[in-house]
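Listed here are the chains, written in short residue letters.
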Amino acid sequence: MDITVAEGDIMKFAGSAVVIPVKPKGDNDDHLNRALREVAGSYYHDKLTLCRAVMPSRCRAIHLVHKPELDLPVGDVIFVIDDLAQPLRKTVATALKEAEEQHLGMLRLPLLRTGEQAGLREEPTGTAAFETVVALREFTHYSRPRLLRDVTCVVNDAETAQQLEQLLALSAP
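Conventions and cut-offs
- Residues numbered from 1 in each chain as written.
- Predicted model: local features only at pLDDT ≥ 70, side-chain atom pairs only at ≥ 80, totals over all residues.
- Heavy atoms only, no water.
- Axes fitted to C-alpha atoms, helices over the stretch in contact; angles between N-to-C directions.
- Helix = DSSP H or I, 4+ residues; strand = E, 2+ residues; numbered from the N terminus.
- Contact = heavy atoms within 4.5 Å.
- Buried < 20%, exposed > 50% of the residue type's maximum accessible area, 1.4 Å probe, protein only.
- Lys, Arg positive; Asp, Glu negative; His and termini not counted.
- Salt bridge = Lys/Arg side-chain N within 4 Å of Asp/Glu carboxyl O.
- Polar contact = N/O pair within 3.5 Å; in protein donor to acceptor, adjacent residues only side chain to side chain.
- Phe/Tyr/Trp six-rings, centres within 6.5 Å; stacked < 30°, edge-to-face > 60°.
- Pairing = 2+ DSSP bridges.
- Expected span 1.5 Å × (residues − 1).

Asks: Outline the packing of helix 1 (residues 31-40) against helix 2 (residues 43-54), listing residues and values.
Replies: With their axes 7 Å apart at the nearest point, helix 1 and helix 2 run at an angle of 115° to one another. Where helix 1 approaches helix 2, its residues Asn 33, Leu 36, Arg 37 and Ala 40 are matched on the opposing element by Tyr 43, Tyr 44 and His 45.

Right under this line is the structure:
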């Protein structure tokens, strides 16, 4: 699996899917959810609400298929339930597993819990980067993904991109 880092607007990077974190219940008004609403309207969030109403509470990720009329470069959306009581690496691993199970080839992954969405427990950027890299390396080593072949970690600034790249280089097999 190829893991790269990119800086910019995650909604503008082509891929099979983008990961969007959502809270276990309700209020999902962070910058990533707002960005998705800007490019897709309420389509994905309306579907998310319907899915949550019928899915078991133990469900940790919801994959929604791309709506062709929206013409989004990011393709499908994987809403990953980000329970802040759980370690960040578990949330990242859930998103990766869902992408593999859904036969997605290219995933766009934001650095979770570093922005306003974190709410109760914001991670320092270095900690979030470390936890993300650990989850990526563990997934690659233990799950041996066959279908998910490209993960791009998309961040907002050059300093964070450099941190992630250094961690990936240091942890390379």
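Asks: Go over the side chain of Asp 76, please, and point to the residues and values.
Replies: As for its position among the elements, Asp 76 is in strand 4 (residues 76-81). Although Asp 76 is buried, it makes no salt bridge; Arg 149 carries the closest opposite charge, 12 Å away. A polar contact of 2.8 Å, which involves the side chain of Asp 76, links it to the side chain of His 63. Within the structure, the side chain of Asp 76 is placed 2.6 Å from the backbone nitrogen of His 66, a separation counted as a polar contact.

Asks: Tell me what's going on with the packing of aromatic side chains, and back it up with residues and numbers.
Replies: For the coordinates displayed, the defined rule picks out one aromatic pair. With a centroid separation of 4.9 Å and an interplanar angle of 80°, the aromatic rings of Tyr 43 and Tyr 44 are classed as edge-to-face. Owing to a relative accessible area of 0%, Tyr 44 belongs among the buried residues under this scheme.

Asks: Which residues make up the pairing of strand 5 (residues 106-110), and what values do they have?
Replies: For strand 5, the tally of buried residues reaches four of five residues, placing the bulk of the element in the interior. Summarising the sheet, strand 2 (residues 17-22) and strand 5 pair through two bridges and their orientation is parallel. Paired with Ala 17 across the strands is Leu 107, a residue of strand 5. For strand 5 and strand 6 (residues 150-155), the ladder comprises five bridges, and the chain directions are parallel.

Asks: Report on the pattern of salt bridges, specifying residues and quantitative values.
Replies: Enumeration according to the criterion identifies four salt bridges in this entry. In this structure, Arg 113 engages Asp 82 in a salt bridge whose closest nitrogen and oxygen atoms are separated by 2.7 Å. Taken together, the positions of Arg 113 in the loop between strand 5 and helix 4 (125-143) and Asp 82 in the loop between strand 4 and helix 3 (88-101) put the pair 31 residues apart, joining distant regions of the chain. There is no split in this pair, since Arg 113 and Asp 82 are both buried. Of the charged contacts in the structure, one is a salt bridge between Arg 108 and Asp 150, with a shortest N-O distance of 3.4 Å. Within this pair, whereas Arg 108 is found in strand 5, its partner Asp 150 is found in strand 6, the two being separated by 42 residues in sequence. An identical accessibility class is assigned to Arg 108 and Asp 150; each is buried.

Asks: Go over the environment of Ala 95, please, and point to the residues and values.
Replies: Structurally, the position occupied by Ala 95 is in helix 3. A residue is classified by how much of its surface remains accessible, and Ala 95, at 0% relative accessible area, is buried.

Asks: Quick rundown of helix 4? Include the residues and the values.
Replies: Across its 19 residues, helix 4 extends 26 Å between first and last C-alpha, which sits within 8% of the 27 Å expected from 1.5 Å per residue. Residues of helix 4 that are buried include every one of Ala 128, Ala 129, Glu 131, Thr 132, Val 133, Val 134, Ala 135, Leu 136 and Phe 139, and no others. Looking one or two residues beyond helix 4, the residue adopting positive phi is Arg 144, at roughly 45°.

Asks: Describe unusual backbone geometry, with residues and values.
Replies: When glycine is set aside, most residues are seen to have a negative phi, and most peptide bonds are trans. Unusually for a residue other than glycine, His 103 sits at a positive phi of about 65°. Mapped onto the elements, His 103 comes out in the loop between helix 3 and strand 5. Despite not being glycine, Arg 144 shows a phi value in the positive range, around 45°. Checked against the element boundaries, Arg 144 lands in the loop between helix 4 and strand 6. In this structure Arg 144 comes out as exposed when scored by relative accessible area, which is 55%.

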